[in-house]
Amino acid sequence: MFMNSGWQPFFENRRTGFPIFNDDGSGILNNGRIPQRWMYPADESINNALNLTEALSRQYLGEDSINATMWILKE
């Protein structure tokens, strides 16, 4: 858990659906949606644009969005 403990609730929610996050507060961004995944780093588009485009087209229909569902979470 070293260097990961601050994000543990997020990862557990992605894995199990628990804890259930409160998403109706006034400080919630992203239209009240809990992000599904991390976006690729900005320097990836500079240093590895061809492979990044290919990966995005295969995994997320070409869109690098925090709301796209990762393949491992799809049913």
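Right above here is the structure, for reference.
We now turn to the structure provided with this report. As the structure is a computational prediction, the values presented were derived from the model and not from experiment.

Looking at the overall build of the protein chain
Here is step 1 of the chain: In terms of regular secondary structure, the protein chain is built from three helices and zero strands.
Here is step 2 of the chain: Order of helices (α) and strands (β) in the protein chain, N terminus to C terminus: α-α-α.
Here is step 3 of the chain: Relative to the compact-globule value of 11 Å for 75 residues, the protein chain shows a C-alpha radius of gyration of 15 Å, a clear excess of over 25%.
Here is step 4 of the chain: In terms of its C-alpha atoms, the protein chain occupies a principal-axis envelope of roughly 40 × 30 × 30 Å.

A short note on helix α3 (residues 49-60)
Here is step 1 of the chain: For α3, which comprises twelve residues, the first-to-last C-alpha distance of 15 Å matches the rise-based estimate of 16 Å (1.5 Å per residue) to within 8%.
Here is step 2 of the chain: Those residues of α3 that fall on the buried side of the exposure criterion are Leu52, Ala55, Leu56 and Tyr60. Projected onto a plane normal to the axis of α3, the buried residues spread over an arc of 100 degrees and lie on a single side. Turned more than 90 degrees away from the buried face of α3, the exposed residues are Leu50, Thr53 and Arg58.
Here is step 3 of the chain: Along its buried surface, α3 packs onto α2 (42-47).
Here is step 4 of the chain: Of the residues one or two after α3, Leu61 is the one with positive phi, at around 55 degrees.

About the thresholds
- Residues numbered from 1 in each chain as written.
- Predicted model: local features only at pLDDT ≥ 70, side-chain atom pairs only at ≥ 80, totals over all residues.
- Heavy atoms only, no water.
- Helix = DSSP H or I, 4+ residues; strand = E, 2+ residues; numbered from the N terminus.
- Rg over C-alpha atoms; globule rule 2.2 N^0.38 Å.
- Expected span 1.5 Å × (residues − 1).
- Buried < 20%, exposed > 50% of the residue type's maximum accessible area, 1.4 Å probe, protein only.
- Arc of directions from axis to C-beta.
- Contact = heavy atoms within 4.5 Å.

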